[in-house]
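Analysis of the macromolecular model
Below, each chain spelled out in residue letters.
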2 protein chains.
Amino acid sequence: MTLLVDITVWDPVPWVTRFRELLPGRSVLTPRDTFDPAAVRYAAVWKHKAGGLQGLPNLAAIFSLGAGVDHVFADPDLPAVPIARVVDADLRDRMSEWVVLHVLVHHRAQHMYDWQQQQKIWEDDPNQPLARDVRVGLMGLGVMGADAARKLKAIGFDVAGWSRAARSVPGIECFAGRAELPAFLTRTDILVCLLPLTPETRGIIDAALIRQLARDGRLGGPILLNAGRGGLQVERDILACLDEGTLKAATLDVFEAEPLPQASPLWHHPRVTVTPHNAGISEPRSVAAYVVRQIEAFEQGGQIENIVDPRRQY
Amino acid sequence: MTLLVDITVWDPVPWVTRFRELLPGRSVLTPRDTFDPAAVRYAAVWKHKAGGLQGLPNLAAIFSLGAGVDHVFADPDLPAVPIARVVDADLRDRMSEWVVLHVLVHHRAQHMYDWQQQQKIWEDDPNQPLARDVRVGLMGLGVMGADAARKLKAIGFDVAGWSRAARSVPGIECFAGRAELPAFLTRTDILVCLLPLTPETRGIIDAALIRQLARDGRLGGPILLNAGRGGLQVERDILACLDEGTLKAATLDVFEAEPLPQASPLWHHPRVTVTPHNAGISEPRSVAAYVVRQIEAFEQGGQIENIVDPRRQY
């Protein structure tokens, strides 16, 4: 069998190298190689070229190499084969590091202290709340959201979560569905978005949503963190909410267009922190091993895990 | 009985107010009030005026209102009565917030990303290690150190601790005493100092100590965090180690002189982060309640907790 590794944006070399190590005796190729289309059984992809997976008559499954499958469904000529998400402990842990870091940066007003240092000002905020006085709300309670929720809870934050379908995370107040979204938002001081991008979630972080966040909290206004996908957010609305005061600050790892265009006002907005889509990084070491385990299980008659629903696109 | 509240540096009003709420019918006074010295049974102090506790013939105990008792022992005319430290969950939790925040800032290179944002540079570090690849070492494994160790462990860091006397913290490799200090330092990428200031620990963070930290770690050089006391560190040595490359960066909440003098090169050193001794803040709400519980237990024939050893001054 042949595994076709179709990656753009990232450097494919470490992925191909790692797959070859893990699949000795098999053929691991990229679209640049010459190969027999009928030999390709699996595709491992990240932002593959649209149409690039057509004409592979024996393709059995497509594996996404990073969190999310929105990039797979972006291909209008996608073959009708099972598509699998990656679930990876390292990716999950990296994402939680980013979430805990940036929640704490806002909670402890580190931007203000950095500014004070530049001015040589020695002054602490006597109204600094405790973590338990700050309500963090996680949108998305999958493997990553639930892990971030648990870690924020361990630090002491008052954590709740929201997800499309009902979920249960021990110690975390869980809201579900559109009907419970307002109740979730009105109790949230720091909103952390880790949702997948689907037709249902596209543009969900808009002015109407932001304006429902708690404005009576201890941090002087609501704060938005998005490390899900840029397509979840309406950047024009985020800027409007920052300017009208319904949003105090935002830390964004993902953007409508990436890399974030040089002309974007987000780069130098005084209350926006930009990170270059590095919250959760897919590493060949562990992710390729996950894909290979799925292939091996499938070839031994088992099921590939984390197959997405093509109607929901997740 | 009278409780004498002797505070400098902080605003005494919220403390006196809180003690009066909690001790109705008793006398809560400050050194500015007129009072009968023989009526004073307890003193609650933070950086009290030297000699201010003399001439109180019925003084039964001195309570420190913040973490540490070094400020009490700074008084050469201290009466020979029991001195109690405060152990407070809120203070502990605030300190851990600061520790987790600043460990993550260094781990995730947030200073670099802040700089990149200013330059509109979209670039992630492909060598970003995972938390488990970064060795954090906590000096001080009391209530605060052990809590910070547990929370760092929950995030995923490879955590060890060092303390004067042997301690055990589940899941944390514990080193003890001067003999085991080199082994602890050589396995440490991020050193977090939460030690109390005593005659034994004064100046412990010097060039000889810093030069023993791991230089083969994944963060490109060792990092120092100190939220214990400024007297623990030799600032001249920290600067020398930063310049010679044996220290990559430092985040300091405490200083040899506080407020940090305007002339200190630490303010604008490119690899030093200064916070204004705000890592762990004593709040009247919970700390005064702790002191009142101790007084009540003592008056009912019980023991005051966390009495320090005057020879060790902790």
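On a predicted model such as this, the values are computed, not experimentally measured, just so you know.

Scoring rules and cut-offs
Residues numbered from 1 in each chain as written. Chains lettered and ligands numbered in written order. Predicted model: local features only at pLDDT ≥ 70, side-chain atom pairs only at ≥ 80, totals over all residues. Heavy atoms only, no water. Least-squares fit on C-alpha atoms with pLDDT ≥ 70 in both. Contact = heavy atoms within 4.5 Å. Core = buried A, V, L, I, M, F, W, Y, C linked by side-chain atoms within 4.5 Å. Buried < 20%, exposed > 50% of the residue type's maximum accessible area, 1.4 Å probe, protein only. Helix = DSSP H or I, 4+ residues; strand = E, 2+ residues; numbered from the N terminus. Buried area = accessible area lost by both parts, 1.4 Å probe. Salt bridge = Lys/Arg side-chain N within 4 Å of Asp/Glu carboxyl O. Nonpolar A, V, L, I, M, F, W, Y, C, P; charged D, E, K, R; others polar. pLDDT = per-residue confidence, 0-100.

Note on the identical chains: chain B maps onto chain A by a rotation of 180° and an axial translation of 0.0 Å, with an RMSD of 0.0 Å. Taken together, the rotation angle and the small translation identify this as a two-fold axis. Taking C-alpha positions as reference, the residue of chain B nearest the rotation axis is Leu101(B), located at 2.9 Å. Comparing interface residues between copies, 100% of those in chain B also lie at the interface in chain A; the contact surface is shared.

In terms of nonpolar packing, the biggest core is built from 89 residues, with Phe19(A), Phe157(A) and Phe157(B) touching the most fellow members. A per-element tally of this core places helix H3 (residues 89-107) of chain A first, with nine residues. Look past the residues within four positions of Phe157(B) in its chain and what remains in contact with it is Val103(B), Leu104(B), His107(B), Ala131(B), Arg132(B), Val134(B), Val136(B) and Leu152(B).

So, on to the interface of chain B and chain A. On the chain A side, the residues contacting the 53 residues of chain B number 53 residues. Roughly 4,600 Å² of surface becomes buried between chain B and chain A when both sides are summed, with 56% attributable to carbon and sulfur atoms. Ranking the residues of chain B by area buried against chain A places Arg108(B), Lys120(B) and Trp122(B) at the top, with a combined share of 19%. Connecting chain B to chain A are four salt bridges. With its nearest N and O atoms 3.1 Å apart, the salt bridge here joins Arg108(B) to Glu97(A). When contributions to the side of chain B that touches chain A are tallied by element, the ones reaching two or more residues are helix H3 (89-107), helix H4 (110-118), helix H5 (143-155) and strand E12 (272-274) of chain B. Of the residues assigned to the side of chain B that touches chain A, the class counts are 23 nonpolar, 13 polar and 17 charged.

On average, residues of chain A score 96 in pLDDT, and 100% of them are at 70 or above. In the model output, the complex is listed with pTM 0.96 alongside ipTM 0.95.

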